[in-house]
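# Descriptive analysis of the structure
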Amino acid sequence: MRTLAITQNITLDGAAEMLDDWFDPQGSGDVADLLAEQNRQSANSDALLTGRRTFEDFRSYWPLQTEDPTGITAYLNQVNKYVVSATLEEPGWQNTTILRGDPVEAVRELKRQPGLDIVVTGSITLCHSLIAGGVVDEYRLFVYPAVQGRGRRLFPDGFKLPHLTLREAMAFSTGITYSRYTVD
């Protein structure tokens, strides 16, 4: 069965919602080590799952980055994209499938199909549904050295995971840290 991994950029205080200027999607300064890790993860993933709002944000930004040295644009253009939406009619981006109905059931079906990792990023409302539905296998957290003091968090209020197992941890030259946890 395929792995469903939530990959999230968050602040030190746990905010996943980007309300302030703490996140740069293409990085600034020396981000070679961070990009190497992101590219390593992308090589092990052949499916990107998002909610409608995150998908529309990605679609309005990444395909327009014709001079993108990070490789993110190339990856996003070729990866199979699955967008959970009851309202989106035409995705307008190649390799995109619209998923309607219960997102937890749709993810269970995707996980049964052959392939590499399925990654969810952004999409906080969708993440909350998938977490509550018990279909998340891994959490891959990129923690930025910033405190936003507000904004939605990755985990829904009141939700508990009594134990996660740390599988990887590293720090990057930018001060960003990365931790990968599996669900026990």
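Below or above, wherever it landed, is the structure these notes cover. (Residues numbered from 1 in each chain as written. Predicted model: local features only at pLDDT ≥ 70, side-chain atom pairs only at ≥ 80, totals over all residues. Heavy atoms only, no water.)

## Comments concerning the overall build of the protein chain
When you go through the protein chain residue by residue, the secondary structure sums to 5 helices and 8 strands. Its helices and strands taken in sequence order, the protein chain reads β-α-β-α-α-β-β-α-β-α-β-β-β from the N to the C terminus. Since a compact globule built from 184 residues should have a radius of gyration of about 16 Å, the 16 Å found for the protein chain is in line with a globular shape. Its C-alpha atoms give the protein chain principal-axis dimensions of about 45 × 40 × 30 Å. Every one of the 184 residues in the protein chain was classed for burial, and the buried ones make up 45%. Here the analysis covers contacts within the protein chain between residues at least 6 apart in sequence; of these, 73% occur between residues at least 24 apart. (Helix = DSSP H or I, 4+ residues; strand = E, 2+ residues; numbered from the N terminus. Rg over C-alpha atoms; globule rule 2.2 N^0.38 Å. Buried < 20%, exposed > 50% of the residue type's maximum accessible area, 1.4 Å probe, protein only. Contact = heavy atoms within 4.5 Å.)

## Quick look at the environment of threonine 165
Its location among the elements puts threonine 165 in strand β7 (residues 164-171). As for threonine 165 and valine 147, which are separated by 18 residues in sequence, their C-alpha atoms are 25 Å apart. If near-sequence neighbours (up to four positions away) are discounted, threonine 165 is found in contact with Arg180, Tyr181, Thr182 and Asp184.

## So, the sheet that holds strand β2 (residues 45-51)
Spatially, 8 strands are ordered β4-β3-β2-β5-β1-β6-β8-β7 in an open sheet, and the strand pairing comes out mixed. If you trace the sheet from one side to the other, it starts and ends with β4 (96-99) and β7, each paired once. Adjacent strand axes in the sheet meet at a mean angle of 25°, parallel and antiparallel pairs treated alike. In terms of strand pairing, β2 meets strand β5 (residues 117-120) through 4 bridges, oriented parallel. Its bridge partner lying in β5, leucine 49 is registered against valine 120. Sheet strands in contact with helix α2 (residues 52-61) are β2, β3 (80-84) and β4, and its direction is about 115° off that of β2. (Pairing = 2+ DSSP bridges. Axes fitted to C-alpha atoms, helices over the stretch in contact; angles between N-to-C directions.)

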